[in-house]
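# Results of the structural survey
The residues making up each chain are set out below.
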Amino acid sequence: MESKHSALICLGANTPDAAARISDATDMLRSLCLIDRITPAYRTAPEYAGETVPYLNCLLEVTTAHTFDELSAVTKSYQTAVRSAAAATPLIAVDIDIVVWDGEVKRGADFNSAYFRKGLPLLTPVITSR
């Protein structure tokens, strides 16, 4: 039987097309994971990014058969490709971080950030039709 893993993933972008970038990243994750809960996109002030425009964020709680290293490699490869394709700008086209994996905090700064904490109470179950 395949091992199942759970993760809390934080998405962020602060480009003019941030909503589309978040939607595209969510679709990419949907191809790799079962999305159990998700937040609507929400705005946050930049943290750890210096002076810049606000971010659009989204949290996802997922279940996957992939290992942490596999999922991390795919998400970072996607993130790199999207950023490379974006016009040269100091803005972030997409940021994808696996913050919690199987109950273990993997990214402490993100876990304690206002942008992550703001999303936690907004997580709602994904209803799927059969």
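Located above this text is the structure these notes cover.
Residues numbered from 1 in each chain as written. Predicted model: local features only at pLDDT ≥ 70, side-chain atom pairs only at ≥ 80, totals over all residues. Heavy atoms only, no water.

## Observations regarding the overall build of the chain
Broken down by element type, the chain carries four helices and seven strands. Order of helices (α) and strands (β) in the chain, N terminus to C terminus: β-α-β-β-β-α-β-β-α-α-β. Computed over C-alpha atoms, the radius of gyration of the chain comes to 14 Å, within 12% of the 14 Å expected from 2.2 N^0.38 for 130 residues, which places it in the range of a compact globule. For the chain, the spread of C-alpha atoms along the three principal axes comes to 45 × 30 × 30 Å. Taken across its 130 residues, the chain has 38% of its residues classed as buried. Sequence-distant contacts, at least 24 apart, represent 70% of the contacts inside the chain between residues at least 6 apart. Across the chain, the 12 positively charged side chains and the 15 negatively charged ones have centroids separated by 4 Å. (Helix = DSSP H or I, 4+ residues; strand = E, 2+ residues; numbered from the N terminus. Rg over C-alpha atoms; globule rule 2.2 N^0.38 Å. Buried < 20%, exposed > 50% of the residue type's maximum accessible area, 1.4 Å probe, protein only. Contact = heavy atoms within 4.5 Å. Lys, Arg positive; Asp, Glu negative; His and termini not counted. Charge placed at Lys NZ, Arg CZ, Asp CG, Glu CD.)

## Description of unusual backbone geometry
Here aspartate 102, not a glycine, exhibits a phi torsion of approximately 50°, which is positive. Position of aspartate 102 relative to the elements: it lies in the loop between strand 5 (95–101) and strand 6 (104–105).

## Examining the state of the cysteines
Overall, the coordinates contain zero disulfides when judged by the stated rule. Free of any disulfide, cysteine 33 has its nearest neighbouring cysteine sulfur in cysteine 58, separated by 13 Å. Given a relative accessible area of 8%, cysteine 33 falls into the buried group. Not part of a disulfide, cysteine 58 finds its nearest cysteine sulfur in cysteine 10, a span of 8.3 Å. (Disulfide = S-S within 2.5 Å.)

## Some thoughts on the packing of helix 1 (residues 18–30) against helix 2 (residues 68–85)
At a minimum axis separation of 11 Å, helix 1 and helix 2 run at an interaxial angle of 150°. Taken together, the axes of helix 1 and helix 2 lie roughly antiparallel to each other. Crossing geometry of helix 1 relative to helix 2 is assigned as right-handed. Listed contacts from helix 2 to Arg21, Asp24, Ala25, Met28 and Leu29 of helix 1 are Val74, Thr75, Tyr78 and Val82. (Axes fitted to C-alpha atoms, helices over the stretch in contact; angles between N-to-C directions. Parallel < 35°, antiparallel > 145°, perpendicular 65-115°, else oblique. Left-handed = near helix turned anticlockwise from the far one by under 90°.)

## Examining the pattern of salt bridges
Counted by the stated rule, this structure contains eight salt bridges. Between lysine 106 and glutamate 104 there is a salt bridge, with the nearest N and O atoms lying 3.7 Å from each other. On the basis of relative accessibility, which here comes to 46%, the residue glutamate 104 falls in the partly exposed class. Between aspartate 110 and arginine 107 there is a salt bridge, with the nearest N and O atoms lying 2.5 Å from each other. (Salt bridge = Lys/Arg side-chain N within 4 Å of Asp/Glu carboxyl O.)

## Describing the layout of surface pockets
By volume, the largest pocket is sized at about 260 Å³. What lines the largest pocket is a set of 19 residues, among which Glu47, Tyr55, Asp95, Asp97 and Tyr115 lie closest to the centre. Put simply, the parts of the chain that give the lining of the largest pocket at least two residues each are strand 1 (5–13), strand 4 (55–64), strand 5 and helix 3 (108–111). With three residues, the single largest contributor to the lining of the largest pocket is strand 1. For the lining of the largest pocket, a count of residues per class yields 10 nonpolar, three polar and six charged. (1 Å grid on protein atoms, 1.4 Å probe; cavity = no way out; pocket = protein on both sides within 12 Å on 5 of 7 lines; lining within 4 Å. Points joined across faces, edges and corners; volume = space filled by probe spheres on them. Nonpolar A, V, L, I, M, F, W, Y, C, P; charged D, E, K, R; others polar.)

Honestly, it's all geometry; don't read function into it.
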